[in-house]
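Topology and contacts: notes
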Amino acid sequence: MKWNTTITSIGANAIDPKEDIVILFGEQATVEIQDVAIVQRFDEETPQSSFVFKKDDSVTIDGETYLALYVGQLVQSNVKAIGHATLVFTDHVPEQKLQNAIYLDKKESDPMPSFKVGDWISFEHK
């Protein structure tokens, strides 16, 4: 199963070139959260209420596919409720993991994908 979202806005402080982390939220995010988040809208054909995502599933952003190395215990419930997950691009999962995060394999050539309003993000569950 695949869930597709469209990026509707990118907060002024959502992307830090020194960090390999981004915060995703649904369109109901407050103005304060929107400033630090990438806001996404789930497609009607793939509603967030049916979202399922586990380790070894994949996320495709800007045409690049990333394997999920770890999926925190809060990811599914947060996405279903408010469209929220934190994406961490890394080459190893730390001992102290964020439970609202999806740890994704970092690409050596380009560790962070580019995010643009109007682009899509696809979450694929095997």
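The preceding data block contains the structure.
Please read these numbers as outputs of a predicted model, since none were measured by experiment.

On to the overall build of the protein chain, then. Check the secondary structure of the protein chain and you find 2 helices and 8 strands. Listing the helices and strands of the protein chain from first to last along the sequence gives β-β-α-β-β-β-α-β-β-β. Projected onto its principal axes, the C-alpha coordinates of the protein chain cover approximately 30 × 30 × 30 Å. For the protein chain, with 126 residues in total, the buried portion stands at 40%. Long-range pairs, those at least 24 residues apart, make up 69% of the contacts in the protein chain with a sequence separation of at least 6. Accessible surface computed for the protein chain: about 6800 Å², of which carbon and sulfur atoms make up 51%. Of the side chains in the protein chain, 11 bear a positive and 20 a negative charge, and the two mean positions are spaced by 5 Å.

With that out of the way, let us pick up unusual backbone geometry. In this model, Asp56 sits at a positive phi of 75 degrees, which is unusual for a non-glycine residue. Within the secondary structure, Asp56 is located in the loop between strand S3 (38-42) and strand S4 (58-61). A positive phi is found at Asp62, a non-glycine position, where the angle reads about 50 degrees. Mapped onto the fold, Asp62 is located in the loop between S4 and strand S5 (64-71).

The next thing to look at is the packing of aromatic side chains. For the structure shown, the criterion picks out 8 aromatic pairs. Their ring planes at 80 degrees and their centres at 6.2 Å tell us that Phe42 and Phe51 sit as a pair that is edge-to-face. Like Phe42, the residue Phe51 is buried in the burial classification. When the ring of Tyr70 is compared with that of Tyr103, the centres are 5.9 Å apart and the planes differ by 65 degrees; the resulting orientation is edge-to-face. In this pair, Tyr70 sits in strand S5 while Tyr103 sits in strand S7 (residues 101-105), placing the two residues 33 residues apart along the sequence.

Moving on: the nonpolar core. Counting residues in hydrophobic clusters, the biggest one holds 25 residues, and the most contacted among them are Phe89, Ile102, Phe115 and Phe123. Each residue touching Phe115, except ones within four places of it in the same chain, is listed here: Ile7, Ile10, Ile15, Val22, Ile38, Ile61, Phe89 and Ile121.

Looking now at the sheet that holds S3. If you walk around this closed barrel you meet the 8 strands as S1-S3-S2-S6-S7-S5-S4-S8, and the pairing is mixed. Taking the axes of each pair of neighbouring strands and ignoring which way they run, one obtains an average angle of 35 degrees across the sheet. Pairing of strand S2 (residues 21-26) with S3, which is carried by 3 bridges, proceeds in the parallel orientation. Each residue of the ladder has a partner; that of Leu24, found in S3, is Ile38.

Conventions adopted
- Residues numbered from 1 in each chain as written.
- Predicted model: local features only at pLDDT ≥ 70, side-chain atom pairs only at ≥ 80, totals over all residues.
- Heavy atoms only, no water.
- Helix = DSSP H or I, 4+ residues; strand = E, 2+ residues; numbered from the N terminus.
- Buried < 20%, exposed > 50% of the residue type's maximum accessible area, 1.4 Å probe, protein only.
- Contact = heavy atoms within 4.5 Å.
- Areas by Shrake-Rupley, 256 points an atom, 1.4 Å probe, with all protein chains shown as cover.
- Lys, Arg positive; Asp, Glu negative; His and termini not counted.
- Charge placed at Lys NZ, Arg CZ, Asp CG, Glu CD.
- Phe/Tyr/Trp six-rings, centres within 6.5 Å; stacked < 30°, edge-to-face > 60°.
- Core = buried A, V, L, I, M, F, W, Y, C linked by side-chain atoms within 4.5 Å.
- Pairing = 2+ DSSP bridges.
- Axes fitted to C-alpha atoms, helices over the stretch in contact; angles between N-to-C directions.

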